[in-house]
Amino acid sequence: MSVATWDVRVDLNNDGDFNDAGETVTSKVRPPEGRSTLLEIKRGNDPSGQLHLPRAGSLTLELDNDAQTYAPGGTLKLGRPARVQATFSATPYDLFRGALERPNYPPPSTFRRNVHLEAVGPFASLVGKNVSTALYENVAVGTAIGYLLDAAGFSGSLRDLDVGQAVMAYWWLDDEDAYTALLSLLVTEGAGARLYERGDGYIVFKDRHAHLTETASTTIQSTFRSAAGGTEPLLSHPFDYSDGIQDVANDVRREVITRAPGTAATVWTGPTTVSLGPSQAITFKARSSGGDPFKSAATPTVVDGDYAVASGSVSSITLDRTSGGNVSITVTAGAGGCVLTGLRLRATPVEIQSRGIAQNTYSTATSQGEYGTRAFTHDARKEVALSEAEAWCNEVAIMRKDGIPYLTIPVKAFAHDTRMTAALAREIGDRIRVIETEQAIDTEAHVDHIAHHLEAPGALTTTIYARKAVAEAADVFVLDVSTLDGGDRLWS
């Protein structure tokens, strides 16, 4: 029997290397008084809700603070990076990387003084952060996710993004919550797509074909069994199997909007008069009065009649970008200040030409007879081709017409090498097989959420939440992947 070694670190000086004095806190991790839990990690999709959407991971632990090493206002503070790794049988496993929430210093008990820490995964950095982007044309979902993360200031070195199969004719963000917009892009890619936080802190996007083409999702990575004394790794109790009826969607519709560039025109008009002191700068957020995005925005000039100088001089006028739902216009006065009038922005609006509704043509009559009419309630971006929208509706209907059963699989890795390896190695999207004899269950599923509960270096309980692997319909197939770099789906 081998025992896992654990490495818990906090980047106290925020330099990104976790190697400075005091940043390795493994020896200080201890359970709260009266409990046995050393640390808890959760990562993956929300186990509840119709679509099991991604959510920020979490890390919870307490540090020995008897020596009062840590104090409010010190280096153990909000936003500091935190990391947990485990090594087992000479193999390292990244289990969590995120950022500290505000540390809590509970009143000391009779016997000990602890500091309570909670950390959250990368998605949390996007929540509540409003972002705007340029207007992009014919952009794939994965590429748009990259633009979104750029706009939100998320590290370019901590992402692993497929290009995506769904292509949007136009895509932009106009002061939208980054996390909400990210979920919208996931829904736009379609059923089967995945978006998750990896244990090393990466944001990962897998397109809607990855579960059909990538080895980790097509080949069984672990088989968990319930029979005592049987082939390892064994699952434990409480095992649970939900029929997934809450996930049924058999009436799938989607609005489609067609846009096209209009005629260049004034899309925004500023205040009647703008007065600035010496060398003062002021920034205006210019948004089209009609609500349409625009492109080819022209930097305002006197020559083109975009403003007039009533007095003083203008040092410069600049735009932060030339397209999008809004642009920022920065006016800087000369040394003597200025008064200008009639400020405007000229651009080419990208206007709505038509609206339509796509609906699944794949028959869900049997499902509707069994469960009634059940709509799919999550909205996707609207600027896609009608053929793409129809394919999207069909694929959602195929995968959700009977719901998607959900499994809860506890694995107690106490003093058992095979279980420990299976528990530590699993990743979101992995294909597993579950054989549970009491309920006569023998099924394959994809890992959706992972929760680690550590009580001692060798006492790990990992709970795997997984959705049953759904077979594709006979009228859907993927072309040879070596020919099309991943394979486009065709509908007969």
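This text goes with the structure placed above it.
Residues numbered from 1 in each chain as written. Predicted model: local features only at pLDDT ≥ 70, side-chain atom pairs only at ≥ 80, totals over all residues. Heavy atoms only, no water.

Digging into the overall build of the protein chain
Using the following cut-off: Helix numbering and strand numbering both begin at the N terminus, where a helix is a DSSP run of H or I of at least 4 residues and a strand a DSSP run of E of at least 2. Note on classification: 1.4 Å probe, protein chains only; a residue is buried when its accessible area is under 20% of the maximum for its type, exposed when over 50%, partly exposed between these limits. All accessibility values rest on the Shrake-Rupley procedure with a 1.4 Å probe; residue burial counts only the protein chains present in the view.
Helix and strand content of the protein chain: 8 helices and 29 strands. The C-alpha extent of the protein chain, read off along each of the three principal axes, is 90 × 65 × 40 Å. The burial tally for the protein chain puts 50% of its 492 residues in the buried class. As displayed, the protein chain has an accessible area near 21,000 Å², and 48% of this comes from carbon and sulfur atoms.

Focus on the pattern of salt bridges
We apply this condition: The salt bridge definition used is simple: a Lys or Arg side-chain nitrogen within 4 Å of an Asp or Glu carboxyl oxygen.
Following the criterion strictly, the structure yields 31 salt bridges and no others. Across the pair Arg55 and Asp46 runs a salt bridge whose closest N-O atoms are separated by 3.6 Å. By relative accessible area, which is 31% here, Arg55 ends up partly exposed. Owing to a relative accessible area of 23%, Asp46 belongs among the partly exposed residues under this scheme.

Comments concerning the sheet that holds strand E9 (residues 159–161)
Counted only if it meets this: In this analysis, strands are considered paired if DSSP registers two or more bridges between them. To define axes, lines are fitted to C-alpha atoms, for helices over the stretch in contact only, and angles between the resulting N-to-C directions are given on a 0 to 180 degree scale.
In space, the 3 strands of this open sheet follow the order E9-E13-E12, with mixed pairing throughout. Across the chains shown, the open sheet's two edge strands, defined by having one partner strand only, are E9 and strand E12 (194–197). Neighbour-to-neighbour, the strand axes of the sheet open up by a mean angle of 10°, direction not taken into account. Across 3 bridges, the pairing between E9 and strand E13 (residues 203–206) is parallel. Residue pairing across strands places Leu161 opposite Phe205, the latter belonging to E13.

Remarks on empty space enclosed by the protein
Heads up, the rule is: Put simply, the grid is 1 Å and covers the protein atoms alone, a cavity is a trapped set of points that fit a 1.4 Å probe, a pocket is an open set with protein on both sides within 12 Å along at least five of seven lines, and lining residues have an atom within 4 Å of a point. Grid points are joined across faces, edges and corners, and a volume is the space filled by probe spheres set on the points. When residues are sorted by character, Ala, Val, Leu, Ile, Met, Phe, Trp, Tyr, Cys and Pro go into the nonpolar class, Asp, Glu, Lys and Arg into the charged class, and all the rest, Gly among them, into the polar class.
Tallied over the entire structure, the rule returns 2 cavities of 30 Å³ or more. As a volume, the largest cavity reaches approximately 380 Å³. Taken together, 25 residues form the lining of the largest cavity, with Ala191, Gly192, Ala193, Arg400 and Arg467 sitting closest to its centre. For the lining of the largest cavity, the secondary-structure elements that each account for two or more residues are helix H2 (178–189), E12, helix H6 (386–400) and strand E27 (459–468). In the lining of the largest cavity, the residues fall into 15 nonpolar, 6 polar and 4 charged. The space that makes up the second largest cavity amounts to roughly 40 Å³.

Things to note about the side chain of Asp430
The condition that has to hold: Residue contacts are defined here by distance: any two heavy atoms, one from each residue, within 4.5 Å place the two residues in contact.
Residue position: Asp430 is located in the loop between helix H7 (417–425) and strand E25 (431–436). For Asp430, the residues in contact, after removing those within four places along its chain, are Ala216, Gln221, Ala425, Ala445, His446 and Val447.

Digging into the packing of helix H1 (residues 141–151) against H2
What counts here: Each angle gets one of four labels, with under 35 degrees taken as roughly parallel, over 145 as roughly antiparallel, 65 to 115 as roughly perpendicular, and the rest as oblique.
The interhelical angle for the contact between H1 and H2, taken along N-to-C directions, is 175°, at an axis separation of 10 Å. Considering their axes alone, H1 and H2 lie roughly antiparallel with respect to each other. Facing Val141, Ala144, Ile145 and Leu148 of H1, the residues of H2 in contact are Ala178, Ala181, Leu182, Leu185, Thr188 and Glu189. Partitioning the contact of H1 with H2 into residue classes produces 8 nonpolar, 1 polar and 1 charged.

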